[in-house]
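Take a look at the letters that make up each chain.
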Amino acid sequence: QVRLAESGGGSVQAGGSLKLSCAVSLDNMSKYCVAWYRQAPGKEREGLGFINQHDLRYVVDSVKDRFTVAKDNAKNTLHLQMNALKPEDSAMYYCGAPKKGDYCYLAMPSHFAYWGQGTQVTVSS
């Protein structure tokens with residue numbers, strides 16, 4: 001079974017940076033698409049980006065100037081580098097993955113088979 005575990009969240013002032021990590025255990029991350037989502041209170045879960053099993057990397061337009069995705073296959077870890085953070089970036093950040101070999105479709109989080117517990121990001125002004 002795949003287990004995802006996010007880390008790296010915390011509190012930061014506006015304009016600061018955070019690097020989040022998603023550790024994938026008991027399997028090989030290169031066989032999966034792994035995506036980042038966030039969810040603020042009272043709002044829908046929002047897809048941010050992914051790295052798929054063919055190393056295609058995608059970040060949504062709303063954050064692509066500030067956020068990047070990266071991975072370390074040797075450590076089975078996905079990263080989300082967040083720069084120039086804004087208060088509206090405050091949310092719980094999650095990593096998720098569909099079944100092995102399936103692609104990420106960010107608009108369909110219900111199709112994701114695996115989720116971490118999330119890591120909180122709070123950006124203050």
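Calculation rules
Residues numbered from 1 in each chain as written. Predicted model: local features only at pLDDT ≥ 70, side-chain atom pairs only at ≥ 80, totals over all residues. Heavy atoms only, no water. Helix = DSSP H or I, 4+ residues; strand = E, 2+ residues; numbered from the N terminus. Buried < 20%, exposed > 50% of the residue type's maximum accessible area, 1.4 Å probe, protein only. Lys, Arg positive; Asp, Glu negative; His and termini not counted. Salt bridge = Lys/Arg side-chain N within 4 Å of Asp/Glu carboxyl O. Polar contact = N/O pair within 3.5 Å; in protein donor to acceptor, adjacent residues only side chain to side chain.

Participant: Explain the side chain of Glu6 here, please?
Facilitator: Relative to the helices and strands, Glu6 resides in strand β1 (residues 3-7). Salt bridges are absent for the buried Glu6, whose nearest opposite-charge side chain, Arg45, sits at 7.3 Å. Of the polar contacts made by the side chain of Glu6, one reaches the backbone nitrogen of Cys95; its length is 2.8 Å. A distance of 3.0 Å separates the side chain of Glu6 from the backbone nitrogen of Gln117, its partner in a polar contact.

Participant: Explain the environment of Asp55 here, please?
Facilitator: Tracing the sequence through the fold places Asp55 in the loop between β5 (46-51) and β6 (57-59). For the pair Asp55 and Tyr32, spaced 23 residues apart in the sequence, the C-alpha separation amounts to 9.8 Å.

Participant: In this structure, what is going on with the pattern of salt bridges? I would like to understand it.
Facilitator: A pair can form between side chains of opposite charge whenever their charged atoms are brought close. Counted under the stated rule, the structure contains six salt bridges. The closest approach of N and O atoms between Glu46 and Arg38, which form a salt bridge, is 2.9 Å. The salt bridge partner of Lys71 is Asp55, with a shortest N-O separation of 3.5 Å. Here Asp55 lies in the loop between β5 and β6 and Lys71 lies in strand β7 (residues 67-72), a separation of 16 residues in the sequence. Sharing partners across several salt bridges, the network here consists of Arg38, Glu46, Arg66 and Asp89.

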